[in-house]
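Structure at a glance
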Amino acid sequence: MASAAAPTAAVPTLAPPLEQIRHLAVELRLLLPGVRVGEARETTKEFNPETFWRRLNAAAVNVSREATTLTEVFSRVPLPSPQETQRFCEQVRAAITAVIAVYYSLPKDQGITLRKLVRNATLDIIDGMAQLVDVLFITPAQSPENSDLISYNSVWTACQQVPRIPRDNKAAALSMLTKSVDFVKDAHEEMEQAVEECDPYCGLLNDTEDNPDNHGDEEDDGLGCPNNRDLYWSEEDQELIIPCLALVRASKACLKKIRISVAENGKKDQVAQLDDIVDISDEISPSVDDLALSIYPPMCHLTVRINSAKLVSVLKKALEITKASHVTPQPEDSWIPLLINAVDHCMNRIKELTQNELEL
C-alpha cells in the first residue's frame, strides 16, 4: 500500500500589487498621530549634533530615492509582480521608519522649538509619501493625470527641505519669529488696503455700476462710501478702526524687536528661555487675525473690544517674558516700556470708543 503523501505547507498568497499599495498608504497615515505626540527616546549616549543631522539628511535622501523607485515601477505597465511589490513596499516602510527613528533621537534638551521643526519635517515626509502612494493606487499607469500629479507630489519637496532646517534652537527660534513677523505684516497690509480703498470686500460686493435695479439714490457717508452697515463701515466704525490699526502696527513692532533681541543677544544654550519666547510670540499672529476679522462689516464693536483686549494681553505677556529673559540684558533701559505704553494707549482709545456697547 502506497504511503500517504506528506501534507504540503500552505504558501501564503500575496495580495495583488495595487491592493498592497493601498494598504501601504493606510499604514503610512496611521504613523502620523504617533509622530505628532511622540517623545524623544531615552538614551545614555551623549547627543552628537553632527551625527544627528548627517543621519537625518541621509534618511531623507533614502526616502526620496525610494519614492522615485516606486514611481518608476508603478507608472508603467506591466505592473510589478506581487513579490516585487512586497519588496518595494518593505523598502518604503524601512525608509520611513528610519526617518522617524532619527527624529526620536533628538533630545528635548536641544530645544522644543527645534524639535517642532524636525517633527513637522518628518510629518511632511510621511504625509508626502502617503500622498504619492495614493496617486499610484488611484490613477491608472501611464495616464496624463498620473504624471501631472506625481510631478507635483510633496514627498520630494519635503525631503529637500531637511537640509534647510535650522541646526540649533536659537536658529529655530529666529525662523519661527520671522514667520510670525511676516504673518502680522501681511495682516496689517490687508487691513490698511481695505481702509484706504474704503472697500472692506475689495469691491466684490459693490455692483452699483452693473446692477440695473440700483438707481443711485443711496446716501453716502462722510468718506463717499454707500451707507450700508452690512457691506461698508459707518463713521463710528471708521473711527474705531484707527486705534485697531495702530494696535496691529504695535504688534508688528513688538515681534520685530523681540526677533532682533533674540538675534543679537540670544544664547544657544538658553533653550528653555528661547522656547518660552517663541511659544508666547506664536500667539500674537492668531490674535491679530481675530482682531482683523472682527473689523469687517457688519462690525460688532463689543467683539472688536474683546479681541483687542485678548491681543493686548498676549503682547504684554510676550514683552514681559522677553524682558525677564537673557535676550534683554538691560531691561530697565530697554524698548519694552515704550511698546507697553503704546499698546496701552491703543487699548484705552478702543475702550473709549466702545464704552457705549457696555452700557446697552
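Throughout this description, residue numbers start from 1 for each chain and increase along the sequence as written. Where totals are concerned, whole chains, interfaces and linings use all residues; where local detail is concerned, this predicted model gives features only for residues with pLDDT of at least 70, and gives and counts side-chain atom pairs only at 80 or more. Remark: hydrogens and water are excluded; side-chain values derive from all non-hydrogen atoms of the structure.

This paragraph deals with the overall build of the chain. By the criteria applied, helices consist of DSSP H or I runs no shorter than four residues and strands consist of E runs no shorter than two, each listed in order from the N terminus. From N to C terminus, the chain includes 12 helices and zero strands. Written out in order from the N terminus, the α and β elements of the chain read α-α-α-α-α-α-α-α-α-α-α-α. For the chain, buried positions account for 42% of its 360 residues. Only heavy atoms matter for contacts: two residues are in contact if any of them lie within 4.5 Å across the pair. The contacts of the chain with a sequence gap of at least 6 include a subset with a gap of at least 24, amounting to 82%. For the chain, the accessible area works out to roughly 19800 Å², and carbon and sulfur atoms hold 53% of it. Each residue gets one of three labels from its accessible area relative to the maximum for its type: buried under 20%, exposed over 50%, partly exposed in between, using a 1.4 Å probe on protein chains only. Each accessible area value is a Shrake-Rupley result obtained with a 1.4 Å probe; residue values ignore everything except the protein chains displayed when judging cover.

Another aspect to go through is the pattern of salt bridges. Whenever Lys or Arg places a side-chain nitrogen within 4 Å of a carboxyl oxygen from Asp or Glu, that contact is recorded as a salt bridge. Scanning the entire structure with this criterion turns up 10 salt bridges. With a closest N to O distance of 3.1 Å, Glu239 and Arg349 form a salt bridge. With Glu239 in helix 8 (residues 235-265) and Arg349 in helix 12 (residues 336-359), this pair connects stretches of sequence that are 110 residues apart. For Arg349, a relative accessible area of 31% corresponds to the partly exposed category. The closest approach of N and O atoms between Asp344 and Lys316, which form a salt bridge, is 2.5 Å. One end of the pair, Asp344, is in helix 12; the other, Lys316, is in helix 11 (residues 301-323), and 28 residues separate them in sequence. With a relative accessible area of 24%, Asp344 lands in the partly exposed category. Look at Lys316 and you get partly exposed, because its relative accessible area is 30%. Overlapping salt bridges bring together Glu239, Arg349 and Glu352 as one network.

Attention now moves to the packing of helix 7 (residues 169-196) against helix 9 (residues 271-281). Axis angle and axis distance: for two packed helices, these are the angle between their axes and the distance between the axes, and together they describe the pair. Axis definition: a line fit to C-alpha positions, over the contact stretch in the case of helices; interaxial angles, taken between N-to-C directions, run 0 to 180 degrees. Relative orientation of the contacting elements helix 7 and helix 9 amounts to 10 degrees, with a least axis distance of 10 Å. Judged on the interaxial angle alone, helix 9 and helix 7 are roughly parallel. The element helix 7 and its partner helix 9 pack so that their crossing is left-handed. Taking contact as the criterion, the partners of Asn169, Lys170, Ala173, Met176, Leu177 and Ser180 in helix 7 are, on helix 9, Val271, Leu274, Asp275, Val278 and Ser281. When its residues are assigned to classes, the contact of helix 7 with helix 9 shows six nonpolar, three polar and two charged. By definition in this entry, angles of less than 35 degrees are roughly parallel, angles greater than 145 are roughly antiparallel, angles of 65 to 115 are roughly perpendicular, and the rest are oblique. In this scheme the handedness of a crossing depends on how the near helix is turned from the far one: anticlockwise by less than a right angle means left-handed, clockwise means right-handed. Any residue that is not Ala, Val, Leu, Ile, Met, Phe, Trp, Tyr, Cys, Pro, Asp, Glu, Lys or Arg is counted as polar, Gly included; the first ten are nonpolar and the last four charged.

Right, let's talk about the packing of aromatic side chains for a bit. Two rings belonging to Phe, Tyr or Trp (six-membered ring only in the last case) form a pair when the distance between their centres is within 6.5 Å. Interplanar angles under 30 degrees mark stacking, angles over 60 mark edge-to-face geometry, and anything in between is tilted. Evaluation of the coordinates by the stated rule reveals three aromatic pairs. Geometrically, the ring pair formed by Phe52 and Trp53 is edge-to-face, given 4.9 Å between the ring centres and 80 degrees between the ring planes. Grouping residues by exposure puts Phe52 and Trp53 together as buried. Plain terms: the ring middles of Tyr103 and Tyr104 are 5.4 Å apart, the flat faces sit at 35 degrees to each other, and that makes the pair tilted. For Tyr104, a relative accessible area of 9% gives the class buried. The structure contains a cluster of three or more aromatic residues connected by ring pairs, namely Phe47, Phe52 and Trp53. Here, over-ring charges are defined by two tests on the NZ atom of lysine or the CZ atom of arginine: distance to the ring centre within 6 Å, and angle to the ring normal within 35 degrees. For Arg87, the ring lying beneath its charged end belongs to Phe88, and the centroid distance is 4.7 Å.

On to a negative patch on the surface. Candidates for patches are residues over 30% relative accessible area with no salt bridge; among them, like charges are joined within 9 Å and nonpolar side chains (Val, Leu, Ile, Met, Phe, Trp, Tyr) within 5 Å. His is not counted, nor are the chain ends; Lys and Arg add positive charge and Asp and Glu add negative charge. Every charge is mapped onto a representative atom, which is NZ of Lys, CZ of Arg, CG of Asp or CD of Glu. On the surface, a cluster of negative charge is made up of Asp182, Asp186, Glu189, Glu190, Asp289 and Asp290. Where the negative patch is concerned, the elements lending two or more residues are helix 7 and helix 10 (284-294). The biggest single contributor to the negative patch is helix 7, with four residues. Following the sequence through the fold, Asp182 ends up in helix 7. The class of Asp182 is partly exposed, set by a relative accessible area of 36%.

Now for helix 6 (residues 154-161). Think of an α-helix as turning once every 3.6 residues; residues three or four places apart then point the same way. Looking only at helix 6, the buried set comprises Val155, Trp156, Ala158 and Cys159. Buried residues along helix 6 cover an arc of 160 degrees about the axis, so they all sit on one side. Each direction from the helix axis to a C-beta atom contributes to the arc, which is the arc of those directions.

Turning next to unusual backbone geometry. Each neighbour pair has its own omega, and for Val77 with Pro78 the value is 0 degrees, a cis peptide bond. Residue position: Pro78 is located in the loop between helix 2 (49-74) and helix 3 (82-104). Across the junction of Pro297 and Pro298, the peptide omega takes the value -5 degrees, indicating a cis bond.

Glancing now at the confidence of the model for the chain. Confidence in the prediction for the chain averages 86 pLDDT; 82% of positions are at 70 or higher. Residue-level confidence of the predictor is what pLDDT reports, using numbers from 0 through 100. Low pLDDT, under 50, characterises residues 214-227; the predicted model gives this stretch 14 contacts beyond four residues in sequence or across chains.

With respect to the secondary-structure elements, Met347 resides in helix 12. The class of Met347 is buried, set by a relative accessible area of 6%. Separated by 39 residues in the primary sequence, Met347 and Ser308 have C-alpha atoms spaced 6.9 Å apart. Once you skip the residues sitting within four places of it in the chain, Met347 turns out to touch Arg305, Ser308, Ala309 and Val312.

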